[in-house]
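Tertiary structure, described
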Amino acid sequence: MDGVERKRTEAQRSIMKDNELKRDSSIPERVTLKKEIGLLSACAIIIGNIIGSGIFISPKGVLEHSGSVGIALVVWVLGGGVAALGSLCYAELGVTIPKSGGDYSYVTEIFGGLMGFLLLWSAVLIMYPTTLAVIALTFSNYVLQPVFPYCIPPFIATRMLSAICILFLTWVNCYSVRLATRIQDAFTVGKLLALGLIITVGLVQICGGNYESLTPQVAFTFNKAPSIGQIALAFLHASFAFSGWNFLNYVTEEVVDPRRNLPRAIYISIPLVTFVYTLTNIAYFSSMSPEELLSSNAVAVTFGEKLLGVFSTLMPISVALSTFGGINGYLFTSSRLCFSGAREGHLPSLLAMIHFKHCTPIPALLVCCTATIVILCIGETHNLINYVSFINYLSYGVTIAGLLYYRWKKPNLYRPIKVSLLVPVCYLLFWALLLGFSLHSEPLVCGVGLVIMLTGVPVYFLGVYWKDKPKCVYDFIEWATYLGQRVFFVVFPQFDPIEMAEWTDKSSFTSKASGPL
């Protein structure tokens with residue numbers, strides 16, 4: 001009887017302890033990624049990731065390759081149109097395959113593990129760390145510009161400030177999803193206000209009669225008629241300025257009511273960015289001649305020095321704030337890519353774990369942070385960004401081609417959004433044209449980009465496909481995972497079975513992660 005009473009007492013104590021934990025509001029009843037991204041935050045993620053430093057610093061690439069102001073403005077408008085076509089395709093994929101991870105998750109589901117892993121490998125290894133490093137360096141250069149007004153800021157100073165910025169925002173993202181999204185919201189509003197200032201000053205100039213460069217007779221005057229290849233390169237520059245339009249798809253599982261809010265955010269954000277970009281370029285041309293714009297390395301700063309007088313320092317500050325918000329957005333979304341890859345078994349399982357209290361993917365965030373700081377230390381970011389642009393653009397085309405294949409493979413699958421076939425077909429035709437000219441004009445860059453991606457093939461077969469590894473390998477992985485859990489206080493997330501069942505019933509889509517991992 002003593003033994004029975006002892007067990008009963010222990011059971012009662014265990015129940016009381018569980019109830020106390022449940023009453024503790026700081027610990028969630030179910031450890032899972034929180035749905036804290038509403039429509040406003042969803043728009044902020046898209047707009048904040050698209051509007052980085054490019055529109056402030058160097059729209060001259062479009063003008064240089066297009067050959068005239070008129071053609072440059074047409075390229076900006078059409079660049080937004082192409083981004084809109086791609087985002088419509090991603091809206092269909094996002095609600096048909098309701099998983100975080102964006103391109104990687106869709107390609108893995110449609111084409112299988114190897115294709116998905118190659119996208120994941122190139123993104124984690126070079127694409128996002130390099131982009132983050134370049135944005136962070138832009139941030140540090142503009143913050144340090146007032147300290148070093150007559151020379152370029154020292155190499156070590158820019159690297160250290162960039163690393164501090166990345167470490168700080170990594171901590172923010174580790175601490176709270178809500179805080180990270182609030183920062184994104186605030187800095188997105190700041191970017192739009194800065195661009196609004198440029199547009200307002202430009203409209204004042206136009207109302208004052210300063211629009212000579214925008215008259216049809218002058219705007220379509222060519223010093224040298226551009227070739228088709230040059231026009232294609234102008235579109236590539238515009239496409240780079242619009243990159244980031246697909247980033248909301250990386251955090252689908254954290255969006256409140258994604259079926260409604262994901263497409264709504266896309267429909268609001270892409271036209272808004274296109275409108276703002278076009279008006280910003282019109283404002284630039286209203287106050288600067290094409291020669292002045294082409295000779296400037298920081299168009300917005302030159303614009304401010306010419307028209308804002310004592311308020312010209314607002315432009316460098318605006319660029320710094322814009323890039324700060326861009327770093328936050330890239331960290332937020334790229335960490336979810338690592339999380340999704342680990343959940344599919346393509347990366348170590350530790351990266352699929354989240355903090356038991358804050359419900360943030362701390363291991364995935366730390367991997368993104370570490371890879372970015374390594375790229376910063378290497379220093380050769382300018383060559384890497386060329387390879388990144390090619391890989392990024394290649395992944396867009398493969399993903400949208402997957403939409404057409406998925407339509408043929410599963411014609412009866414429930415799709416809450418179903419775009420016209422003309423949308424993906426038009427995007428792929430334009431994509432193939434630009435990719436062909438890129439291969440023709442920059443064969444070495446494209447070749448190196450393909451090699452970087454294909455280095456993932458042996459890694460896939462050794463790390464993922466090969467199941468019968470030696471016991472010592474599995475023992476080491478288990479030890480490292482256990483150590484990581486103890487250090488970072490992370491566990492596998494649990495998924496709402498009712499929500500996942502609803503998706504399964506309506507879309508016939510099943511996930512490996514449909515229950516506690």
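Given the structure is predicted, the values throughout are model-derived calculations rather than measurements.

Let's shift gears to the overall build of the protein chain. Looking only at helices and strands, the protein chain features 22 helices and 2 strands. Residue burial in the protein chain is summarised as follows: out of 517 residues, 52% are buried. For the protein chain, long-range pairs separated by at least 24 residues make up 82% of all intrachain contacts whose partners lie at least 6 apart in sequence. Accessible surface, the protein chain as shown: approximately 23,600 Å² in total, 67% of it carbon and sulfur.

Each pocket or cavity is described by its volume, and for the second largest pocket that value is around 670 Å³. As for the second largest pocket, its lining consists of 23 residues, of which Gly 345, His 346, Leu 347, Pro 348 and Gly 463 are closest to the centre. Where the lining of the second largest pocket is concerned, the elements lending two or more residues are helix H7 (113-144), helix H20 (456-465) and helix H21 (471-488). When the residues that make up the lining of the second largest pocket are grouped by side-chain class, the tally is 16 nonpolar, 5 polar and 2 charged.

Note that Val 445 resides in helix H19 (residues 443-454). Taking relative accessible area as the criterion, Val 445 reaches 16% and is therefore assigned buried. Sequence separation between Val 445 and Phe 390 is 55 residues; the distance between their C-alpha atoms is 7.8 Å.

Let's shift gears to unusual backbone geometry. For Asp 257, which is not glycine, the phi torsion reads 50° and is therefore positive. In this structure, Asp 257 sits in the loop between helix H11 (228-241) and helix H12 (258-287). Here the phi dihedral of Phe 489 falls at roughly 55°; this positive angle occurs in a residue that is not glycine. Inspection of the secondary structure assignment puts Phe 489 in the loop between H21 and strand E2 (490-491).

By size, the foremost hydrophobic cluster in this structure holds 128 residues, and its most contacted members are Phe 56, Ile 198, Leu 248, Tyr 277 and Ile 327. Examining the composition of this core, we find that 15 residues originate from one element, H7, more than from any other. Residues contacting Ile 327, with those up to four places away along its chain left out, are Leu 132, Ile 135, Ala 136, Phe 139, Cys 165, Ile 166 and Leu 169. Counting residues in each nonpolar core, the second largest holds 6 residues, with Cys 174, Leu 350, Met 353 and Val 490 among its members.

Moving on: the pattern of salt bridges. Scanning the entire structure with this criterion turns up 8 salt bridges. Measuring nitrogen to oxygen at the nearest pair gives 2.3 Å for the salt bridge that ties Glu 344 to Lys 99. With Glu 344 in the loop between helix H15 (314-343) and strand E1 (354-355) and Lys 99 in the loop between helix H5 (69-96) and helix H6 (103-111), this residue pair connects regions lying 245 residues apart in the sequence. Accessibility expressed as a relative area gives 6% for Lys 99, which makes it buried. Ionic pairing is found between Glu 253 and Arg 343, a salt bridge with its closest N-O pair at 2.6 Å. Remark: Arg 343 occurs in helix H15 and Glu 253 occurs in the loop between H11 and H12; sequence separation between them is 90 residues.

In the structure shown here, the tally under the stated rule is 26 aromatic pairs. Their ring planes at 15° and their centres at 5.5 Å tell us that Trp 171 and Tyr 175 sit as a pair that is stacked. In this pair, Trp 171 and Tyr 175 both sit in helix H8 (residues 155-175), 4 residues apart, roughly one turn of the helix. Note on Tyr 175: relative accessible area 42%, which makes it partly exposed. Look at Phe 242 and Tyr 277: their rings are 5.0 Å apart centre to centre, the planes differ by 50°, and that puts the pair in the tilted class. Here Phe 242, found in the loop between H11 and H12, pairs with Tyr 277, found in helix H12; they are 35 residues apart in sequence, far enough to count as distant. Judged by its relative accessible area of 1%, Tyr 277 falls in the buried class. An aromatic cluster is built from Tyr 90, Tyr 106, Trp 245, Tyr 393 and Tyr 396, whose rings are joined through pairwise contacts.

Along the polypeptide, Leu 120 turns up in helix H7. Take Leu 120: its relative accessible area is 1%, and that puts it in the buried class. Along the primary structure Leu 120 and Cys 338 are separated by 218 residues, whereas in three dimensions their C-alpha atoms are 7.9 Å apart. Those residues in contact with Leu 120 that lie beyond four places of it in its chain are Tyr 104, Leu 337, Gly 341, His 346 and Leu 347.

What follows is about the confidence of the model for the protein chain. Residues of the protein chain with pLDDT of at least 70 account for 86%, and the chain-wide mean is 83. Per-residue pLDDT, averaged within each element of the protein chain, yields its smallest value for helix H22 (residues 497-507) (41) and its largest for H8 (94). Note on residues 497-517: pLDDT is under 50 here. Beyond four places in sequence and across chains, it has 37 contacts.

Turning next to the packing of H19 against H20. Contact geometry of H19 with H20 gives a least axis separation of 5 Å together with a crossing angle of 5°. With respect to H20, the element H19 is oriented roughly parallel. Along its contact with H19, which presents Ile 452, Met 453 and Leu 454, the element H20 presents Gly 456, Val 457 and Pro 458. The residue makeup of the contact of H19 with H20, split by class, is 5 nonpolar, 1 polar and no charged.

Turning next to H8. Here H8 spans 31 Å end to end across 21 residues, near enough to the 30 Å set by a 1.5 Å rise per residue. For H8, the full list of buried residues reads Thr 158, Arg 159, Ser 162, Ala 163, Cys 165, Ile 166, Leu 169, Thr 170, Val 172, Asn 173 and Cys 174. Contacts made by the buried residues of H8 are with H7, helix H9 (177-207), H15 and helix H16 (362-378).

Conventions and cut-offs
- Residues numbered from 1 in each chain as written.
- Predicted model: local features only at pLDDT ≥ 70, side-chain atom pairs only at ≥ 80, totals over all residues.
- Heavy atoms only, no water.
- Helix = DSSP H or I, 4+ residues; strand = E, 2+ residues; numbered from the N terminus.
- Buried < 20%, exposed > 50% of the residue type's maximum accessible area, 1.4 Å probe, protein only.
- Contact = heavy atoms within 4.5 Å.
- Areas by Shrake-Rupley, 256 points an atom, 1.4 Å probe, with all protein chains shown as cover.
- 1 Å grid on protein atoms, 1.4 Å probe; cavity = no way out; pocket = protein on both sides within 12 Å on 5 of 7 lines; lining within 4 Å.
- Points joined across faces, edges and corners; volume = space filled by probe spheres on them.
- Nonpolar A, V, L, I, M, F, W, Y, C, P; charged D, E, K, R; others polar.
- Core = buried A, V, L, I, M, F, W, Y, C linked by side-chain atoms within 4.5 Å.
- Salt bridge = Lys/Arg side-chain N within 4 Å of Asp/Glu carboxyl O.
- Phe/Tyr/Trp six-rings, centres within 6.5 Å; stacked < 30°, edge-to-face > 60°.
- pLDDT = per-residue confidence, 0-100.
- Axes fitted to C-alpha atoms, helices over the stretch in contact; angles between N-to-C directions.
- Parallel < 35°, antiparallel > 145°, perpendicular 65-115°, else oblique.
- Expected span 1.5 Å × (residues − 1).

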